[in-house]
Amino acid sequence: MGSIVLFAAYQLKSDPSKELLSASKMQYSQQNEEQQSEAYMYELQDGKLHRVSMERPEASNQIIKEERTGSSETTGTDKANTGTSWGQKPAASQKPQASSSSEQAGGGTDTGTKQDQENAEANHRWQDKTDLTIQVYLTKEKKVESVPLETYVLGVLAGEMPIDFEIEALKAQAIAARTYAIRRLELGRDEQMEKLGADVMDTIRHQVYVSKKELEQRWEGETKKRNLEKLQLAVDQTRGEVVTYKGAAIEASFFSTSNGYTENAEDYWGSNLPYLRSVASPWDEQLSPRFEQQFTFTREELYKRLGLKGKEAGKKLTMKVIEKSEGKRIKTMTINGVKFSGREVREKLELASSEFTWKIGKKEIVFYTQGYGHGVGMSQWGANGMALEGKSAAQIIHYYYSDVEIEQASKLSIAQSS
């Protein structure tokens, strides 16, 4: 087995666009899938590093899915989750958590402010509209499961982001996941989904969704209780929140790991979306175990995957970058004189990223990638880096999605008509 990289933050910076989060990386080996290894991370307390034991990450929760077709801790409020069922709204007698969208850049929230009261009232209004449901097609069971929107968000949160991420990163992911679902409902079903009788699939075709039954079996004992409460907290504290641009839900794309920058939407998908702009994401290199990877091909395999035949495959292999994107990824290149987009090469060769270099050997060609995913929208490891620096979910959202607002879904036509 390979090595899993853990990290320990030891220096906090304040400017996400300019400062790198200093970190140290540690490795521990997995002897086999059955062996429970012990690992450690470090926490900054009173200006000193303290080693803290942590659990080995669950293999099923460690891999971050990232592709979308067509587009795509402050836990002092844990008591609010007492008695709340999995994925369900709090009882009417419980006060909802203050909305994370009330947190403005450069400051936190004051739970006694008028803004918090307004957010609480907005959350109550949303809780009165939770008849909005999502029809999810479960690919393994080959059946459709109808779930409340917030239950769906919790299931996506469990499937799309590691449970050991900071709570503010999880909250940002919850907002993005909810936004993605709302936009799907607004756009309507395509022909395939209409035949299935579902709004979304539970795979990377849309968003990875973990059903209640599956999630109940993922952990045991105190670990199960703690992790489910953490997921529920992220959902409850963002209940009903979606990201909008000019009053409409955005294409809230996200991915695992950047190469140091996110990508303009048009440079990868060809569609110019004003809120999906390239921004610096310096945290990923220090934190993500997927930042650098390598892929090896024989010359024959390379040509076959790229569809090169005849003279195109008979000459000496030459590869040249023609243009790079604002996000520092390969936009266009030529291979034996044939023009490809960086996206085409990445997808045909199943590379981790469209930012890559290569080394041509006598028998093999090795590609070295930086980043993991399409690179458009929110970087999940970048979001966790910002959260480690003390940034709120709202600040993370506003950083990765340009000129957007965080609003209650109940204000949108899809919520009002449901």
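Presented here is a report on the structure given in the accompanying data block. Sequence order as written defines residue numbering, which begins from 1 separately in each chain. Totals for whole chains, interfaces and linings use all residues, but because this is a predicted model, local features are given only for residues with pLDDT of at least 70 and pairs of side-chain atoms are given and counted only at 80 or more. To obtain the side-chain values, all non-hydrogen atoms of the structure were included, while hydrogens and water were left out.

Comments concerning the nonpolar core
Next, step 1: We define the nonpolar core as a collection of buried residues of types Ala, Val, Leu, Ile, Met, Phe, Trp, Tyr and Cys that are connected through side-chain atoms lying within 4.5 Å of one another. The buried label applies to any residue whose accessible area, calculated with a 1.4 Å probe on protein chains only, is under 20% of its type's maximum; exposed applies above 50%, and partly exposed to all values in between. In this structure, Ile134, Tyr152, Met378 and Tyr401 are the most contacted members of the largest nonpolar core, which totals 70 residues.
Next, step 2: Helix and strand definitions here come from DSSP, where helices need a minimum of 4 consecutive H or I residues and strands a minimum of 2 consecutive E residues; each element is numbered from the N-terminal end. No other element matches the 11 residues that helix H4 (residues 167-187) contributes to this core.
Next, step 3: Excluding its chain neighbours within four sequence positions, the residues that come into contact with tyrosine 401 are Ala176, Ile250, Ala252, Ser253, Phe254, Tyr275, Leu276, Gly377 and Met378.
Next, step 4: Core analysis: the next-biggest nonpolar cluster, separate from the first, contains 20 residues, Phe297, Leu306, Ile330 and Phe340 among them. The contact rule is simple, with two residues in contact once any of their heavy atoms fall within 4.5 Å.

Here we look at the packing of helix H3 (residues 149-160) against helix H7 (residues 221-236)
Next, step 1: Only the contacting stretch of a helix is used when fitting its axis, a line to C-alpha atoms as for every element, and angles between N-to-C directions run 0 to 180 degrees. Look at H3 against H7: their axes get within 10 Å of each other, and the N-to-C directions meet at 125°. The pairing of H3 with H7 is recorded here as oblique in orientation. Relative to H7, H3 is oriented so that their crossing is right-handed. In this structure, H3 contributes Glu150, Val153, Leu154, Leu157 and Ala158 to the contact, and H7 contributes Leu231, Gln232, Ala234 and Val235. Oblique is the label for any angle not under 35 degrees, not over 145, and not in the 65 to 115 range, which are roughly parallel, roughly antiparallel and roughly perpendicular in turn. In this scheme, a crossing is called left-handed if the near helix is turned counterclockwise away from the far one by less than a right angle; it is called right-handed if the turn is clockwise.

Here's the deal with unusual backbone geometry
Next, step 1: Located in the positive-phi region is lysine 328, a residue other than glycine, with phi close to 70°.
Next, step 2: Mapped onto the elements of the fold, lysine 328 is located in the loop between strand S12 (319-324) and strand S13 (330-335).
Next, step 3: One non-glycine residue, glutamate 350, lies in positive phi territory at about 55°.
Next, step 4: Looking at glutamate 350, the relative accessible area reads 56%, which means it is exposed.

Side note on the sheet that holds S12
Pairing between the strands of a sheet is mediated by backbone hydrogen bonds and can be parallel or antiparallel.
Next, step 1: When DSSP finds two or more bridges between a pair of strands, those strands are recorded as paired. If you walk across this open sheet you meet the three strands as S12-S13-S14, and the pairing is antiparallel. The open sheet has two free edges, formed respectively by S12 and strand S14 (338-341), since each of these has just one partner strand. With direction set aside, neighbouring strand axes in the sheet form an average angle of 25°.
Next, step 2: Pairing between S12 and S13: five bridges, direction antiparallel. Opposite methionine 319, over in S13, you have isoleucine 335 as the bridge partner.
Next, step 3: In the packing of helix H12 (residues 342-349) onto the sheet, the strands contacted are S13 and S14, and the crossing angle to S14 comes to about 85°.

Considering the pairing of strand S5 (residues 133-138)
Next, step 1: Where burial is concerned, most of S5 is hidden: five out of the six residues are buried.
Next, step 2: Of the pairings in the sheet, the one linking S5 to strand S6 (residues 143-148) comprises six bridges and is antiparallel in character. Paired with threonine 133 across the bridge in S6 is proline 148.
Next, step 3: Hairpin connection between S5 and S6: a loop of four residues separates the two successive antiparallel strands, and lysine 142 in this loop has a positive phi of roughly 55°.
Next, step 4: Summarising the sheet, S5 and strand S7 (residues 200-201) pair through two bridges and their orientation is parallel. In the sheet register, tyrosine 137 faces S7, and the bridge partner there is methionine 201.

Things to note about H3
Next, step 1: Here a helix's expected span is defined as the number of its residues, less one, multiplied by 1.5 Å. Here H3 contains 12 residues, and its C-alpha end-to-end distance of 16 Å stays within 8% of the 16 Å for a straight helix at 1.5 Å per residue.
Next, step 2: Within H3, 12 of the 12 residues are buried, which leaves it mostly tucked inside the rest of the structure.
Next, step 3: Taken together, the buried positions of H3 are Leu149, Glu150, Thr151, Tyr152, Val153, Leu154, Gly155, Val156, Leu157, Ala158, Gly159 and Glu160.

Comments concerning the side chain of arginine 218
Next, step 1: Note that arginine 218 resides in the loop between helix H6 (212-216) and H7.
Next, step 2: Asp and Glu count as negative and Lys and Arg as positive, but His and the ends of the chain are not part of the count. Any carboxyl oxygen of Asp or Glu that lies within 4 Å of a side-chain nitrogen of Lys or Arg is treated as forming a salt bridge with it. It turns out arginine 218 is buried and unbridged, and the closest side chain with the opposite charge, glutamate 214, is 4.3 Å from it.
Next, step 3: Each polar contact in these results corresponds to two N or O atoms within 3.5 Å; when the atoms are within protein, one needs to be able to donate a hydrogen and the other to accept it, and residues that are neighboring in sequence are counted only if both atoms are side-chain atoms. Here alanine 158 takes part through its backbone oxygen, which lies 3.2 Å from a polar atom of the side chain of arginine 218.

Focus on the pattern of salt bridges
Next, step 1: Scanning the model with the defined rule gives 17 salt bridges in all.
Next, step 2: A salt bridge links aspartate 190 to arginine 205; its shortest N-O distance comes to 2.8 Å. Residue aspartate 190 is found in the loop between H4 and helix H5 (191-196), and its partner arginine 205 is found in the loop between S7 and H6; the two are separated by 15 residues along the sequence.
Next, step 3: When its relative accessible area of 17% is taken as the criterion, arginine 205 is described as buried.
Next, step 4: The residue lysine 331 makes a salt bridge to aspartate 267 at a minimum N-O spacing of 3.1 Å. In this pair, lysine 331 is assigned in strand S13 and aspartate 267 in helix H8 (residues 265-268), connecting sequence segments 64 residues apart.
Next, step 5: Judged by relative accessible area, which is 28%, lysine 331 ranks as partly exposed.
Next, step 6: Salt bridges sharing partners connect three or more residues here, namely Asp267, Glu323 and Lys331.

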